[in-house]
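Tertiary structure, described
In case you want the letters, here they are:
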Amino acid sequence: MEVEPIASDSVPTTKPEEVSAEPDVAVEAVAEDDSPKEQTPVKPAKEDEYAYLDSTGFTSEKFKIEVRNLPKYYGIAELKKLLNSELSLSTNKIKIMRPGCPFLFVCFRDEDSRQAAIKTLNGYIWKNKKLQAFEAKPAPDPLVKRRNEAAGTDGVVTVKKRKTLEESVTALAYLSYEDQLVQKQSEMRNVLIKLGKEIWKTCPALRPYVEEQRKLHDGLPCKLERIRKSPQTDGYRNKCEFSIGKDDQGEIRVGFRVGSYSNGFLDVESPQNLKNVSDKMKDTVKFYEEFVRNSKLDIYSPETYQGHFRQLTVRTSSSTGDVMVVIGIHPQSLTEEELAQFKDSIVEHFTSDKGKEIGISSIYLEKIGKRESGQTVNPVEHLHGETHIVDVIHGLKFRISPLAFFQINTPSAEVLYQCAIDLADATQQTSVLDICCGTGTIGLCFAKHCKQVLGVELIPQAIEDAKYNAELNKIDNCKLYAGNADDLITSLIRNANIQAGENLVAIVDPPRAGLHVRSITQLRNARGLNRLIYVSCSPNSAVKNWVDLMRPCSKAMRGTPFVLKKAIPVDLFPHTPHVELVLLFEREPDKEAETEAEAVESEAKQEAETKPVTEEVKDTAEVQE
């Protein structure tokens, strides 16, 4: 999945009062007799770190509890299910400090909900642990806290940027591209060393295998191939999300944040010097910056939650040169008439001669406000031009909607997908499962190499795009489903209807956090699935998934394990530390068949043991009738 290697863009979780970065300095009065007296500066009072609690806006920090004595192992999903479904508590926010932490904070919308939660949770037994729950103090405003820590005796804030925008966004740009590849190859080697250590520690039964592989592959648990280069190294990003704010001189900028709320400054700097942003995208940013500066509306402040201009998303097509802009605003209290006037002004600006020269073909408005319960994305409205832009990978056309996922480096995505195709070694007797398929890019590229593709994706809009893309390219051997992969993998395999002599391959391209353990279990239990390609945009985060695929069968992890055979790094993000890693997992067909036979035999034995009991119950029922 896509990595967004941009500077931090944190926003506050609470609503503080507006504060001054340089408060006035109090000075003692001079005596009326004009005799010389030393003017002694009085140390300025610190800003109130809890002023936001008295603001007019709502903050759930007022109604927070602390829950202690939590079990060592629990997931956020099962915790939410416990609190909201099983115990019917109206939580507003759950704050986990770190994985495995024995305490956490839960926020509510009012005092009654908080007290009800304390009464329910205090003493409640969960996973053999007796929970403790009590009121918690609200957190201080992180921005004000950092200012107070950084302010000198004269009241001047001494917080300094640790890095420039170029250093934050394109940390490797100072190196030649060949040196960048050497560094990334070394980093992927370290990831595999970490994987080997994790397998050794958590799977003692695999230690002989790991040692054998280390001897064959220079200390690694599998073969690591040479990193694949990006065909384009500069200006390759086809999507960027730009923030709107002010730079350190107070000038309005459309660009990336170089600070964050928690470290005390919110400066936004222009992307004009970034190597990974294209000239077309830079021109679009500069053009929109002119509009924002001339507008009567204010820029949005993450400190006060006031203002309108929040974000600009720009998508470009490497094949057509078309540009899509998504204008992100907070509507605040704009009337329908004012909002309509704003939309008209946006369209007028971007359809001017300059907009046409840039290539702007599609204009959307995104309303970025407080999300309602269950809302996962912000609403977008098409204002003008085309509803989509189209890009090309492996000779196939792909329609891209405003919120759809699409690899941000199109030429390098071709390299990535070819690696997956080569590793899959598919034939016309192969069915391919495309897990987390997005708009169907990987699966559709596979279609001509296999019998059929079955894809699943959580976002319905992405599946609509995937189906359209299949029709656009006249591909009729793809079946695409909207839903949670954790629940649908087994159904996909059943729908694949694998016959004798056919085989099954899975392509997994999950978000940064990786797959849920339920998906891992279903893949391990998939009969006939002997080859799995795992595409990771965050290899360090995916190590646990890989270990779970490989660990021996147990009560906690059922199904025949896979074995890691090969890893290929692919550079989709030149000038940044990020890199994709493609891994090939296999399991021996004989062992898989043996496990299947054992399962069938076990089921038959269980059925035989229960049949007499069942018949006896049936006979008893007949007698009673």
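Conventions used here
Residues numbered from 1 in each chain as written. Predicted model: local features only at pLDDT ≥ 70, side-chain atom pairs only at ≥ 80, totals over all residues. Heavy atoms only, no water. UniProt positions renumbered as here; feature names shortened; annotations may be inferred. Helix = DSSP H or I, 4+ residues; strand = E, 2+ residues; numbered from the N terminus. Axes fitted to C-alpha atoms, helices over the stretch in contact; angles between N-to-C directions. Parallel < 35°, antiparallel > 145°, perpendicular 65-115°, else oblique. Left-handed = near helix turned anticlockwise from the far one by under 90°. Contact = heavy atoms within 4.5 Å. Nonpolar A, V, L, I, M, F, W, Y, C, P; charged D, E, K, R; others polar. pLDDT = per-residue confidence, 0-100. Pairing = 2+ DSSP bridges.

The name recorded for the protein in an unreviewed UniProt entry is tRNA (uracil(54)-C(5))-methyltransferase, from Aedes aegypti. Entered under Catalytic activity (unreviewed entry) in the UniProt record, the comment concerning the protein runs "uridine(54) in tRNA + S-adenosyl-L-methionine = 5-methyluridine(54) in tRNA + S-adenosyl-L-homocysteine + H(+)".

Glancing now at the UniProt feature "binding site: S-adenosyl-L-methionine" (unreviewed entry) in the protein. Residues annotated by UniProt as "binding site: S-adenosyl-L-methionine" (unreviewed entry) correspond here to Gln407, Glu457 and Asp509. Considering the arrangement of structural elements, one finds aspartate 509 in the loop between strand S22 (503-508) and helix H14 (517-525).

Looking now at the packing of H14 against helix H15 (residues 539-550). Where H14 meets H15, the closest approach of the two axes is 10 Å, and the angle between their N-to-C directions is 30°. Classified by the interaxial angle, the pair formed by H14 and H15 is roughly parallel. When the axes of H14 and H15 are compared, the crossing they make is right-handed. On H15, the residues touching Val517, Ile520 and Arg524 of H14 are Asn545, Asp548, Leu549 and Met550. Of the residues assigned to the contact of H14 with H15, the class counts are four nonpolar, one polar and two charged.

Here we take up the confidence of the model for the protein. On average, residues of the protein carry a pLDDT of 83, and 82% of them reach 70 or more. Overall, residues 2-42 carries pLDDT values under 50, and its contacts beyond four positions in sequence, including any with other chains, amount to 90 contacts.

What follows is about the sheet that holds strand S20 (residues 452-457). Ordered by their spatial adjacency, eight strands build an open sheet running S9-S24-S25-S23-S22-S19-S20-S21, and the pairing between neighbours is mixed. Edge positions in the sheet fall to strand S9 (223-224) and strand S21 (478-482), since each of these pairs with one other strand and no more. Here strand S19 (residues 430-435) pairs with S20 via five bridges, running parallel. Residue pairing for S20: valine 432 is matched across the bridge by valine 453.

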